[in-house]
Amino acid sequence: MEQMDFSIEVSESEIEKFADYLYQKENAKATINKYMADIKKFLFFLADDKRINKKVLLQYKEWLVQKYAVNSVNSMLAALNQFLEFLNVGNLKVKRIKVQKQPFLQDQKEVTEKECRKLIATAMAEGKEQLALCIETIACTGIRISEIKYFTVERVKSGKIEIYNKACK
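Residues numbered from 1 in each chain as written. Predicted model: local features only at pLDDT ≥ 70, side-chain atom pairs only at ≥ 80, totals over all residues. Heavy atoms only, no water.

Colleague: Help me get a handle on the pattern of salt bridges, residues and values and all.
Modeller: For the structure on display, the rule yields 5 salt bridges. Glu85 is the salt-bridge partner of Lys93, the closest N and O atoms lying 3.1 Å from each other. Exposure remark for Glu85: the relative accessible area of 36% places this residue in the partly exposed category. Between Arg117 and Glu113 there is a salt bridge; the shortest N-O distance is 2.6 Å. (Salt bridge = Lys/Arg side-chain N within 4 Å of Asp/Glu carboxyl O. Buried < 20%, exposed > 50% of the residue type's maximum accessible area, 1.4 Å probe, protein only.)

Have a look at this one:
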């Protein structure tokens, strides 16, 4: 049977059972309250016709996108998808909206040489020589913080350091 043709009716009692299901899964009280509010919002969207299918779920997703920020929509879809799993119709789950992650400081994502020297001097003044060396290594090589582990005494002495990152695996 195709997803668009398959439908299921949702009842108020199932929503109460869903709260108990979340509790049994040891979800935090705040999570349970949030999910319940999100499912009630979904029921509000359904209005009088409580039959759901993939088409209705996609319409709900579009409705959410028009009314809420992307992160809020994704949070509500997470609750809905948990509810669908609970109803044993996980095949109807709706994909979340993909979000492109932005750099932390878009306009100023590089530390100036002066700022770098100040960071190193501060670390040294506080007796944090290892931190100072890490900052200096990152600044001089352009490596990622996660790649600092490749800088061992042995490798530095050998004059060659190979770094294996995500793209090399």
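Colleague: Before we move on, could you go through unusual backbone geometry and cite the residues and values that matter?
Modeller: Although it is not a glycine, Ala47 sits at a positive phi angle of roughly 60°. If you trace the backbone, Ala47 turns up in the loop between α2 (29-46) and β2 (51-53). You will see that Asn88, though not glycine, has its phi angle at about 60°, which is positive. With respect to the helices and strands, the residue Asn88 is situated in the loop between α4 (70-86) and α5 (113-125). (Helix = DSSP H or I, 4+ residues; strand = E, 2+ residues; numbered from the N terminus.)

Colleague: Help me get a handle on the environment of Cys116, residues and values and all.
Modeller: In this fold, Cys116 is placed in helix α5. With 20 residues separating them along the chain, Cys116 and Glu136 place their C-alpha atoms 7.8 Å apart. Residues within four places of Cys116 in sequence aside, it is in contact with Val111, Ile135 and Ala139. (Contact = heavy atoms within 4.5 Å.)

Colleague: Give a detailed account of the packing of helix α3 (residues 54-67) against α4, specifying residues and quantitative values.
Modeller: Relative orientation of the contacting elements α3 and α4 amounts to 160°, with a least axis distance of 10 Å. Regarding the angle of α3 to α4, the classification is roughly antiparallel. Here the hand of the crossing between α3 and α4 comes out right-handed. Residues Leu57, Tyr60, Lys61, Leu64 and Val65 of α3 form the contact with α4, whose participating residues are Val73, Met76, Leu77, Leu80 and Leu84. Its residues assigned to classes, the contact of α3 with α4 comprises 9 nonpolar, no polar and 1 charged. (Axes fitted to C-alpha atoms, helices over the stretch in contact; angles between N-to-C directions. Parallel < 35°, antiparallel > 145°, perpendicular 65-115°, else oblique. Left-handed = near helix turned anticlockwise from the far one by under 90°. Nonpolar A, V, L, I, M, F, W, Y, C, P; charged D, E, K, R; others polar.)

Honestly, it's all geometry; don't read function into it.
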